[in-house]
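# Residue-level structural notes
Chain residues, written in single-letter form:
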Amino acid sequence: SWEIPKAARYITVTQKLDAIVCLGVLVKGETNHYEYICDAVSKALMNLQINTAIPIVFGILTCQTQEQADARAKGNKSHAADWARSAVEMAMLRASQMGKAEGEQKTKIGFGGFVENPAKEGGPAAPKERKIGFN
């Protein structure tokens, strides 16, 4: 699970997605390592979704035993459908709040290079895609 925030970050770079569902399992061992990993991974994923404005669903099971992990990952107790629903709902909320009309290209969020009207400043015509960010 330690690598999950970095993998999610790589995925967010292109801004070509609507949501991310991070899946993993942490099973408590005999040391405090479990607590450190749980805390670091959850904070990193929260910061990533706030900084990128891409919804990230925390689908990481934090379990006390392997048996508990098996029970929560399989069959009737699986949370997979809930995580998928959450991702779809959050992606739809994001799109509605960022003014994305059906069929419109995604709004890019980031830093640098934003010009209100490039054609007016001697640049190319404004692209169809909107970008929100800082100069």
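Here, every reference points to the structure presented above.
A short tour of the structure in this document, coming up. (Residues numbered from 1 in each chain as written. Predicted model: local features only at pLDDT ≥ 70, side-chain atom pairs only at ≥ 80, totals over all residues. Heavy atoms only, no water.)

### Some details on the pattern of salt bridges
Scanning all chains against the criterion turns up three salt bridges. Here D39 and K43 are joined by a salt bridge, their closest N and O atoms 3.3 Å apart. Of the two residues, D39 and K43 both sit in helix α2 (residues 33-52), four residues apart, roughly one turn of that helix. (Salt bridge = Lys/Arg side-chain N within 4 Å of Asp/Glu carboxyl O. Helix = DSSP H or I, 4+ residues; strand = E, 2+ residues; numbered from the N terminus.)

### What to know about the nonpolar core
Counting 15 residues, the largest nonpolar core has A8, I20, C22, L26, L45, I56 and I60 as its most contacted members. Looking at this core, the elements with two or more residues in it are α1 (4-12), β1 (20-27), α2 and β2 (56-63). If one sorts the elements of this core by residue count, α2 sits on top with six residues. Contact partners of I56, with chain neighbours within four places excluded, come to I20, C22, L45, L48 and Q49. (Core = buried A, V, L, I, M, F, W, Y, C linked by side-chain atoms within 4.5 Å. Buried < 20%, exposed > 50% of the residue type's maximum accessible area, 1.4 Å probe, protein only. Contact = heavy atoms within 4.5 Å.)

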